[in-house]
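# Notes for the structure review
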Amino acid sequence: MTATLLAERSWRSASAIRVAGLVVAATYAVFIVWVYAAQPRTLREVRGGVAASIGVYRIDAAAFDEGLRYFRTDRFAEARRAFARADPAQRDARTQYYIAYAFLREGWGRVYSDDALYRQADVALQRAQAATSDGVVRVDDPELTLKTSDEMAEALARGLRRDASDLNPLSMLEKRP
Amino acid sequence: MTADARGAVRSVWHEAFTLPLVFLSAALLGGLRIDAGGGLAFVPPPLFALVLAVMLIAALYRCGAFDPTRLFHPRRTGLAKASGAMIVVALAAAAAQMMAALTPEEGLFALAFDIVWLVLFGNTLAARPNRARLLSSLLVMFGAAFVVKFILLGALYAPDASVTKRVVMALVEGVSLGTLGYSPPGPATGYVTFATGLLFLAGIAALPHGPEPGAGDALVRVVPGDVVVVPDQRLDRGL
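Source: prediction; values computed, not measured. (Residues numbered from 1 in each chain as written. Chains lettered and ligands numbered in written order. Predicted model: local features only at pLDDT ≥ 70, side-chain atom pairs only at ≥ 80, totals over all residues.)

## A look at the overall build of chain B
A tally of regular secondary structure across chain B gives nine helices and four strands. Each helix and strand of chain B, ordered N terminal to C terminal, gives the series α-β-β-α-α-α-α-α-α-α-β-β-α. Within the span of chain B, comprising 239 residues, buried residues form 28% of the whole. A separation threshold of at least 6 residues defines the contact pool for chain B, and within that pool the share at least 24 residues apart is 76%. (Helix = DSSP H or I, 4+ residues; strand = E, 2+ residues; numbered from the N terminus. Buried ≥ 20, exposed ≤ 12 C-beta atoms within 10 Å, placed from the backbone. Contact = placed C-beta atoms within 7 Å.)

Following this line, the structure appears as structure tokens:
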């Protein structure tokens, strides 16, 4: 009787260990697949990505506000630094959108646009879109002309395109995005 | 708890946690590349690394270092078989990543390494050494690949003139590298690969092999290599 009880308890214990092992190993395997798919470039991005995937990622609000102040006074390089500090894992759609906007505004000119800065804006915009579930970023800021990622993507594509409209002198009268 | 029961629980822990986590860690770290600036990249294994991984697992099986029947025999429960399947999947992933980590990523050196791996594994499969010899052989093969990739080639193609580079250049005096291109991995990658290699080899050494504990002694046991072992002395006594 005692031997049967011991055997039963041992079997249950072994099953519990196996179930726990499978859960831990499967979770670890999912993490590895995520790492190879997401390609984080730094340990901060790894941490941020894991935090974002379980819904506990938070940006540094003070650094974000600082970035916003720089952005509104056209100090774009400083703004990008502050935004990067606010969102080190590059997982927050709104912050990445502002980084893209900072590149866009810095690259925008009445006569020509800076292609290098526009491309960097495009990369940041893609990060912003990747951080949302539906791939669209909407920012309700009255100071921004382009309030969605679709509008910004089109503005960037227009800026990078080479065609006859580049020679239109009326384009010099366009408003800054 | 009796000693047998303790041993059984330890074996379950080993299968459920130790082996999968060791091999999954090797799979994760085997693809990690760290550049000189500290940037990370996680590189999936190329197709040829998968072929080499299959050959490595075949060699482990043929030489008795890994016995899949220990993980999948009919007496085991479904959960136990699932644990076994996790070990096999993790082992395959780790083996592929190890082969990729120890092989240059592109160019003529990659081709040369791949051919050498193919010949070595083919030779191992044909020679069918026993488990101990296979493990020693793997240690030497992995160690040699590590030294060539990370120390010799790394030094030869390093942007700065290190002591190793000067020594190697002195040894191969008169030989020019010409247009033979190679991008040395960042120094930190070498340390990670070294640790990963040791972890992988430790995992291989800990794989289930030989007869199952408590399965009872066979009168005559045939092991791979057609060697007949007679462990029961009753046979010697003619009983």
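## Regarding helix H5 (residues 108-127) of chain B
Since the α-helix packs 3.6 residues into each turn, any two residues three or four apart lie on the same face. All names here are of chain B. For H5, built from 20 residues, the straight-helix expectation of 28 Å at 1.5 Å per residue is met to within 8% by its first-to-last C-alpha distance of 28 Å. Within H5, the full set of buried residues consists of Phe113, Trp117, Leu120, Phe121 and Thr124. Taken end-on, H5 shows its buried residues confined to a sector of 95 degrees, consistent with a single buried face. Facing away from the buried side of H5 by over 90 degrees, the exposed positions are Leu108, Ile115, Val119, Gly122, Asn123 and Ala126. (Expected span 1.5 Å × (residues − 1). Arc of directions from axis to C-beta.)

## What to know about the packing of helix H6 (residues 115-130) of chain A against helix H7 (residues 149-160) of chain A
All names here are of chain A. Running from N to C, H6 and H7 point in directions that differ by 155 degrees, and their axes come no closer than 10 Å. Overall, the two elements H6 and H7 adopt an arrangement that is roughly antiparallel. At the point where H6 passes H7, the crossing takes the left-handed sense. Of the residues in H7, those in contact with Asp115, Tyr118, Ala121, Asp122, Leu125, Ala128 and Gln129 of H6 are Ser149, Met152, Ala153, Leu156, Gly159 and Leu160. (Axes fitted to C-alpha atoms, helices over the stretch in contact; angles between N-to-C directions. Parallel < 35°, antiparallel > 145°, perpendicular 65-115°, else oblique. Left-handed = near helix turned anticlockwise from the far one by under 90°.)

## Description of the interface of chain A and chain B
Across the boundary between the two partners, chain A contributes 21 residues, which contact 23 residues of chain B. When the residues that make up the side of chain A that touches chain B are grouped by side-chain class, the tally is 13 nonpolar, six polar and two charged. (Nonpolar A, V, L, I, M, F, W, Y, C, P; charged D, E, K, R; others polar.)

## What to know about H7 of chain A
Residues and elements named next belong to chain A. End to end, H7 covers 16 Å across twelve residues, agreeing with the expected 16 Å (1.5 Å per residue, within 8%). When we look at burial in H7, the residues that qualify are Ser149, Met152, Ala155, Leu156 and Gly159. What you see down the axis of H7 is that its buried residues fit within an arc of 125 degrees, all on one side. Turned more than 90 degrees off the buried face of H7, the exposed positions are Glu154 and Ala157. Buried positions along H7 lie against helix H5 (93-107) and H6.

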